[in-house]
Structure formats: structure tokens, C-alpha cells
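# Architecture and fold: a report
Here are the chains, one letter per residue:
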Amino acid sequence: MGWLGKFLGGTIGFMLGGPLGMIAGAVFGHMFDKSSEAYENEGQDSNNYRPHFFVNTGYNRSQMVFFVGAFSMLAKLASADGPVTDAARRKVNEFMVNDLHLTGQSYIYANSIFDEALNQDSTFENLADQFYSNFRTSPQILSLMIDIFYRVAMVDGRLSANEERLIDYAARVFRIPESILDSIRRNHNVSGSSSKAYAVLGLQETATDAEVKKAYRKLILEYHPDTIASKGMADEFKEYATKKFREIQEAYESICKERNIK
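The text that follows walks through the structure, step by step, so that each part is easy to find.

Parameters at a glance
- Residues numbered from 1 in each chain as written.
- Predicted model: local features only at pLDDT ≥ 70, side-chain atom pairs only at ≥ 80, totals over all residues.
- Heavy atoms only, no water.
- Core = buried A, V, L, I, M, F, W, Y, C linked by side-chain atoms within 4.5 Å.
- Buried < 20%, exposed > 50% of the residue type's maximum accessible area, 1.4 Å probe, protein only.
- Helix = DSSP H or I, 4+ residues; strand = E, 2+ residues; numbered from the N terminus.
- Contact = heavy atoms within 4.5 Å.
- Polar contact = N/O pair within 3.5 Å; in protein donor to acceptor, adjacent residues only side chain to side chain.
- Phe/Tyr/Trp six-rings, centres within 6.5 Å; stacked < 30°, edge-to-face > 60°.
- Salt bridge = Lys/Arg side-chain N within 4 Å of Asp/Glu carboxyl O.
- 1 Å grid on protein atoms, 1.4 Å probe; cavity = no way out; pocket = protein on both sides within 12 Å on 5 of 7 lines; lining within 4 Å.
- Points joined across faces, edges and corners; volume = space filled by probe spheres on them.
- Nonpolar A, V, L, I, M, F, W, Y, C, P; charged D, E, K, R; others polar.
- Axes fitted to C-alpha atoms, helices over the stretch in contact; angles between N-to-C directions.
- Parallel < 35°, antiparallel > 145°, perpendicular 65-115°, else oblique.
- Left-handed = near helix turned anticlockwise from the far one by under 90°.

### As for the nonpolar core
Ranked by internal contacts, the top residues of the largest apolar core, which has 83 residues, are Ile146, Phe149, Phe174 and Phe237. For this core, the element with the highest residue contribution is helix α4 (residues 61-78), accounting for 12 residues. Among residues more than four places away in sequence, those in contact with Phe174 are Ala128, Phe131, Tyr132, Leu142, Met145, Ile146 and Phe149.

Next up, the structure:
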């Protein structure tokens, strides 16, 4: 790594701190060197080069922690049962492409973070601890992250014991209430429940009409994409938050139609 890449990597690493800083520093320092070298090969002064992804997009620290933390933890989750298999990597790539619609630089950086996290000695637990320390006052962000874990882990329709152990650890560290955790599990059919609409709203089928309306109003405010983005979610995850928001709306509409709620 060149001195400029080391400087940039060290700066980003220092800004984030902890295991996430080590991962981010290694990735962005290396990527800066590669981009700067390509810039020079085009006959331009590399001193005028600026790293595209975080500098030009104006990412703040929380957004960087979210982006780096999400893909680092997903890497550790994918390796929960040993070396990452092709099937496990496909699950994460499907999430990147189908759920987040990552392209270009975002996709390259996401994969680089994933790979670097696999090479680092830090554990899923270390990463989850640091992620919580940054978002401890944003429960929606933490709940959304648990939702993402289950979404990726359940792509193949099964959840291994080791994957479940790591997600349970994150849920405890993130202080996720049992009612919300149960809702997320039922939504991803981890518990075998088929009442998806009620699971999305965090309700049982025995809930009253008033409870249905109350749950919907609460969730529609908490999970509005703009609300979550304002709390530090990386821009690349806004599509996923929007999908979650629509899921809440569709679940409510389904229950209203079933019950003839006006």
C-alpha cells in the first residue's frame, strides 16, 4: 500500500476506531491506491485524485459505521459454519443486488469489506458490540439490522444453529425487545408461523382492530425510510428500508381487507 493509501486508510480507521476501523482502513486505503494508480495511468496528476465513495458522497461517520458494519457482520455470519461456501457467498450477493440494488463503486466496496472482514481476526461479537455502541439510541436501525441478518441467513430456507447463535447474540447486545424479535422471526418464518401479515405488525392473530391500527401507526412512523436515514443508515440501504416500509403498508391493508376494517 502506498503512503497516500496508508494515510487515507489510517485516517478512516482512526475515525471509526475498533475492529470496524481496522477493516475500513485496510479496504479504503487499498482501493485508494488502486484508483489513484489508474488515475495516473490515464496521464493525470494523482495529487488531484479524490476517493470517490465516501469523500464525494459526503458520508458521515454513522453512515460509514453502518455500511462497514453491515457487510463485516454479514461476512462473519456467512462464515458461521466454517469457510464461506459458494452458496453462502451467493446469498450475500443476492442481497446486495436484489435487495440493495448495489452497482458500481458501492458494489465493489461492499464486496471488498466482506472479503477483508473474513481475513480479520475480529469476531462477529466484536463487530456487533461496536455497531451497538454507535446506534444504541436508534432502535429502528438495530431492529432493521436484525431483520437483515435473518433475510440473508434464510435465503436458502434454513437457519443453521451457528447462524442462529450469532443473530441471538446481536439481538441481546442490541437490546431488541422479545416482542420485536419474535415479530422478525415470524416474518421470516423462522418459527414456522404462516401469519406473515400479523408478524410484520408484531401482532398475534387475536389482536383487536384497535391494536392493529395502533401497531400500524407506530410502525409506519418508525420505519419511514427518511426517519431511518436521518438516524445514520447508509444511503445504499434506503431501498431495503423502503421495502420494509411497503411491507408494513401491505400487511396492514391485507388485515384490513380480511377484517373489513375501514
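Additional details are given in the paragraphs that follow.
### Points about the side chain of Asn187
Tracing the sequence through the fold places Asn187 in helix α10 (residues 178-187). At a separation of 3.3 Å, a polar atom in the side chain of Asn187 contacts the side chain of Glu247. Leaving out residues up to four positions away in the same chain, Asn187 has contacts with Asp147, Lys196, Ala199, Val200, Lys244 and Glu247.

### Looking at the environment of Gln249
Structurally, Gln249 is set in helix α14 (residues 238-259). Residue class for Gln249 comes out partly exposed when judged on its relative accessible area of 26%. It is 9.4 Å that separates the C-alpha atoms of Gln249 and Leu201, two residues lying 48 residues apart in sequence.

### Some remarks on the packing of aromatic side chains
Overall, the coordinates contain 11 aromatic pairs when judged by the stated rule. For the ring pair Phe95 and Tyr240, a centre distance of 5.6 Å and an interplane angle of 70° mean the geometry is edge-to-face. Of this pair, Phe95 sits in helix α5 (residues 86-99) while Tyr240 sits in helix α14, and the two are 145 residues apart along the sequence. Each member of the pair, Phe95 together with Tyr240, is buried. One aromatic cluster is present, formed by Phe66, Phe67, Phe71, Phe95, Phe131, Phe135, Phe174, Phe237 and Tyr240 through successive ring pairs.

### A word on the pattern of salt bridges
Here the structure, examined in full by the defined rule, presents 14 salt bridges. The partner of Asp147 in a salt bridge is Lys244, with the nearest N and O atoms 3.4 Å apart. Here Asp147 is found in helix α8 (residues 139-153), whereas its partner Lys244 is found in helix α14, with 97 residues between them in sequence. There is no split in this pair, since Asp147 and Lys244 are both buried. Ionic pairing is found between Glu178 and Arg185, a salt bridge with its closest N-O pair at 3.5 Å.

### Some points on the layout of surface pockets
For the largest pocket, the calculated volume is near 490 Å³. Lining the largest pocket are 29 residues, and of these Ile180, Lys218, Leu219, Glu222 and Tyr223 sit closest to its centre. With 6 residues, α8 is the largest single contributor of residues to the lining of the largest pocket. Here the lining of the largest pocket is built from residues that sort into 16 nonpolar, 6 polar and 7 charged. Going through the elements one at a time, α4 and α5 are the ones with two or more residues in the lining of the second largest pocket.

### Regarding the packing of helix α12 (residues 209-222) against α14
Where α12 contacts α14, the axes come no closer than 10 Å and their chain directions differ by 165°. It follows from the interaxial angle that α12 and α14 lie roughly antiparallel. In this structure, α12 crosses over α14, and the sense of that crossing is left-handed. Mapping the contact onto sequence places Asp209, Val212, Lys213, Tyr216, Leu219 and Ile220 in α12 and Phe245, Ile248, Gln249, Tyr252, Ile255 and Arg259 in α14.

### Focus on unusual backbone geometry
Here Arg175, not a glycine, exhibits a phi torsion of approximately 60°, which is positive. Turning to its location among the elements, Arg175 is positioned in the loop between α9 (161-173) and α10. The class of Arg175 is exposed, set by a relative accessible area of 57%. Here Asn260, not a glycine, exhibits a phi torsion of approximately 60°, which is positive. Relative to the assigned elements, Asn260 resides in the segment after α14.

### Brief notes about the packing of α5 against α8
Packing of α5 against α8 leaves a shortest axis separation of 9 Å and a crossing angle of 120°. The interaxial crossing formed by α5 with α8 has right-handed handedness. For the pair α5 and α8, the contacting residues are Lys91, Val92, Phe95 and Asp99 in the first and Ile148, Arg151, Val152 and Ala153 in the second. Split into classes, the residues belonging to the contact of α5 with α8 amount to 5 nonpolar, no polar and 3 charged.

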